[in-house]
Amino acid sequence: MKVLVPVKRVLDYNVKARVKSDHSGVDLSNVKMSMNPFDEIAVEEAVRLQEAGTATETIVVSVGPAKAQETIRTALAMGMDRGVHVQTDEDLEPLAVAKILKEVAAAEGAELVVMGKQAIDNDYGATGGMLAALLDWPIGSAANSLSLDGGALNVVKEVDGGLQTVKLQMPALVTTDLRLNEPRYASLPNIMKAKRKPIEAKTPADYGVDTAPRLKTLKVTEPAAREAGIKVADAAELVNKLKNEAGVI
Amino acid sequence: MAVLVVAEHNNAELKDATHKVVTAASQMGGDVDILVAGKGIKDVVAAAAKIDGVRAVIGVDHDSLERQLAEAMQIVVVNLMDGYDAVLSPDTTSHKNYMPRVAAKLDVQQISSVTGVESADTFIRPIYAGNAMATVQSTDSKKVVTVRTTAFAAAGEGGSASTSDVDAGVGALKSEYISEELSKSDRPELTAAKVVISGGRGMGSGENFKLLEGIADKLGAAMGASRAAVDAGFVPNDWQVGQTGKAVAPQLYIAVGISGAIQHLAGMKDSKVIAAINKDEDAPIFTVADYGLVADLFKALPEFEAELTKAGY
């Protein structure tokens, strides 16, 4: 079974996003960038499927600027076999990315796509669902665990109020949630080895996909700031304030 | 202009999230209809018809909709979209599951988790965990929008919308529901609770979350957690408040042993009043808290509970 994992290079999750002074977007110059955390979980899951003998080949793909190659190398260092880099300097919307990924999945003959449930930059949480629909594949969203069951895939999903298990016919798409696994750190020998793994260079035009944006960003602003309040001395004062000053209990 | 709102329900009861999405839909202008897709949904349809400002309620009853399988929901919604300019749903897990599928099938870009409606095609949505707010205008002919329900007031009752049944049109699917394990709790639901008390990594263990239970019982509070506490395996994932979990906006949010990482603040900073208990006086949580108590939580929590008892709770 061939497994395809799309990954995105995003502002590191520990870095606070700063809005540009002209309100055109978020300032990404000279800040630390990393692989989207949910995508790391997807990479880890693919590598584990290969280690278990389930996946025959693992392919990582990223749609993004030249530096997205670093993110692909990170996935290769974690153990994936090879990469595809669809280079574009535009910040593509999920619909355009899903259309490109559909073509990549078809070209690679992928039978399983594992990807993050959302990217922590634009927070759409849409690319996985869109890709599944374009491929006419079933989806297991926000996976907590996966298990192959004959020719089908059982996915335990995180839902409001608990967990739900669905059974998907293959080929299928799974989006990852936090508890699926704990991603490994790449070892130095594996980082060295990853430098020799192949990365195929592509562009959106190679797939004949129209990537024109559908949304116009009119402005990006800071959220309304919340003022820090006061410190209370002890639990008694806290109860008193909540009851008599704020009136919320 | 007509807007379709997909109802949040559990086949027996209509959830308040629906009323909030109706408010967002009304702000776009035009007629608002509600889709109730489920199994055995007669009571839900009747409840939806009473929401103020709703023109019509469409009931779609089918086995595959009992658990709102993504493939089935996609088919039902897409089939209805000939008659609508926009479809709106709450941004809860059951709707996040199929709305991107609907958008892709309609060839439109989904607009996720909107917190403001400027006009029929322009919306405000948080990006970067709420550290920036983007105002976006859709150029698509149809809009597919999920709504951050904490940002909208609930539409009132008193309407009398017409109701009709529509065939699901769902054939063979490539996925099936197997089972569900829902945590049983007498406490209110996290996103609907008036008071929420959450624990973070500082709680030290899942066992220690018991220290929050007595307080939650007294205040009728829902219990939540930070991503760090979920990552550490202290509590289930569906307790998670933050960018990658749930967004809450209760009257009172009590953060215990939570440092206040960016991604946690994203999910709770719209709460009316925030109280924080943390032993680190430099913890970022204190920059958003109305009332901060710098103390060891293992000492402060029993005292807090005792003070509540004294105050008659």
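Residues numbered from 1 in each chain as written. Chains lettered and ligands numbered in written order. Predicted model: local features only at pLDDT ≥ 70, side-chain atom pairs only at ≥ 80, totals over all residues. Heavy atoms only, no water.

A. The overall build of chain B, seen in detail. What chain B contains, in helices and strands, is nine helices and 16 strands. In summary, chain B has a C-alpha radius of gyration of 21 Å against a globular reference of 20 Å for 313 residues, a match within 12%. Each of the three principal axes of chain B carries a C-alpha extent, and together these read 60 × 40 × 40 Å. The burial tally for chain B puts 59% of its 313 residues in the buried class. Counted over contacts in chain B with a minimum sequence separation of 6, partners at least 24 positions apart contribute 65%. Here chain B has roughly 11,600 Å² of accessible surface; of this, 46% comes from carbon and sulfur atoms. Of the side chains in chain B, 28 bear a positive and 40 a negative charge, and the two mean positions are spaced by 2 Å. (Helix = DSSP H or I, 4+ residues; strand = E, 2+ residues; numbered from the N terminus. Rg over C-alpha atoms; globule rule 2.2 N^0.38 Å. Buried < 20%, exposed > 50% of the residue type's maximum accessible area, 1.4 Å probe, protein only. Contact = heavy atoms within 4.5 Å. Areas by Shrake-Rupley, 256 points an atom, 1.4 Å probe, with all protein chains shown as cover. Lys, Arg positive; Asp, Glu negative; His and termini not counted. Charge placed at Lys NZ, Arg CZ, Asp CG, Glu CD.)

B. Main features of the interface of chain A and chain B. The interface is formed by 81 residues belonging to chain A together with 88 residues belonging to chain B. Here chain A packs against chain B, burying approximately 7,100 Å² in sum over the two surfaces, 55% of which is carbon and sulfur. In terms of surface lost to chain B, no three residues of chain A exceed Asp 160, Arg 214 and Arg 226 of chain A, which account for 11% of the buried area on that side. At the boundary of chain A and chain B, one finds six salt bridges. In this structure, Asp 290 of chain B and Arg 226 of chain A form a salt bridge, with 2.8 Å as the shortest nitrogen-oxygen distance. (Buried area = accessible area lost by both parts, 1.4 Å probe. Salt bridge = Lys/Arg side-chain N within 4 Å of Asp/Glu carboxyl O.)

C. Seen up close, the sheet that holds strand β12 (residues 195-199) of chain B. In space, the six strands of this open sheet follow the order β13(A)-β16(B)-β15(B)-β14(B)-β12(B)-β13(B), with parallel pairing throughout. Each edge of the sheet is formed by a strand with only one pairing partner; in this case those strands are β13 (230-232) of chain A together with β13 (222-225) of chain B. When strand polarity is set aside, the average angle formed by the axes of neighbouring strands in this sheet is 20 degrees. The sheet contact formed by β13 of chain A and strand β16 (residues 291-294) of chain B spans three bridges and is parallel. Within β16 of chain B, the residue paired with Ile 230 of chain A across the bridge is Tyr 291 of chain B. (Pairing = 2+ DSSP bridges. Axes fitted to C-alpha atoms, helices over the stretch in contact; angles between N-to-C directions.)

D. Representation of the sheet that holds strand β5 (residues 111-114) of chain B in the model. Residues and elements named next belong to chain B. The strand order β5-β9-β4-β1-β2-β3-β10 describes an open sheet built from seven strands, whose pairing is parallel. At either margin of the open sheet sits one strand with a lone partner, and together these are β5 and β10 (162-165). With strand direction ignored, the average angle separating the axes of adjacent strands in the sheet is 25 degrees. Sheet topology places strand β4 (residues 86-90) next to strand β9 (residues 143-147); five bridges connect them, and they run parallel. In the sheet register, Pro 90 faces β9, and the bridge partner there is Val 147. Together, β1 (2-6), β2 (31-38), β3 (56-61) and β4 form the strand contacts of helix α3 (residues 70-80), whose direction differs from that of β2 by roughly 150 degrees. Packing of helix α5 (residues 99-106) onto the sheet brings it into contact with β4 and β9, and relative to β9 it is tilted by some 170 degrees.

E. Highlighting unusual backbone geometry. Between Met 170 of chain A and Pro 171 of chain A the backbone carries a cis peptide bond, its omega angle lying at 0 degrees. In this fold, Pro 171 of chain A is placed in the loop between β9 (162-169) and β10 (172-176). Of note, Asn 11 of chain B is a non-glycine position whose phi angle comes to about 75 degrees, a positive value. Relative to the elements of secondary structure, Asn 11 of chain B occurs in the loop between β1 and α1 (16-27).

F. Seen up close, the pairing of strand β1 (residues 2-6) of chain A. All names here are of chain A. Judged by how many residues are buried, β1 sits mostly within the fold: four of five residues are covered. Here β1 pairs with strand β4 (residues 57-64) via five bridges, running parallel. Residue pairing in the sheet places Val 3 in a bridge with Thr 58 of β4. Bridge analysis of β1 against strand β6 (residues 112-116) gives two bridges, and the strand direction is parallel. Across the sheet, the residue bridging to Val 3 is Leu 112, located in β6.

G. Summary view of the environment of Asp 149 of chain A. Residue and element names in this part refer to chain A. Among the structural elements, Asp 149 can be located in strand β7 (residues 139-149). Residue Asp 149 is classed as partly exposed on the basis of its relative accessible area, which comes to 34%. The spatial distance from the C-alpha of Asp 149 to the C-alpha of Lys 167 is 8.7 Å, given a sequence separation of 18 residues. For Asp 149, the contacting residues outside a window of four places in its chain are Asn 154 and Lys 167. Among the polar contacts made by the side chain of Asp 149, one reaches the side chain of Asn 154 at a distance of 3.2 Å. (Polar contact = N/O pair within 3.5 Å; in protein donor to acceptor, adjacent residues only side chain to side chain.)

H. How the structure looks around the nonpolar core. If you look at the biggest cluster of nonpolar residues, it comprises 136 residues, and the most contacted ones within it are Ile 34, Leu 35 and Leu 88 of chain B. Among the elements that line this core, the one with the most residues is helix α3 (residues 94-108) of chain A, at eight residues. Membership of the second largest hydrophobic core comes to 37 residues, among which are Val 232 of chain A together with Met 223, Ala 275 and Tyr 291 of chain B. (Core = buried A, V, L, I, M, F, W, Y, C linked by side-chain atoms within 4.5 Å.)

I. Region of interest: the domain arrangement of chain B. All names here are of chain B. Domain parsing of chain B yields domain 1 (2-165) and domain 2 (195-310). The distance between the C-alpha centroids of domain 1 and domain 2 comes to 31 Å. On the domain 2 side, the residues contacting the six residues of domain 1 number eight residues. For the pair domain 1 and domain 2, the summed buried surface comes to about 530 Å²; carbon and sulfur atoms form 56% of the total. (Domains from an automatic or database assignment.)

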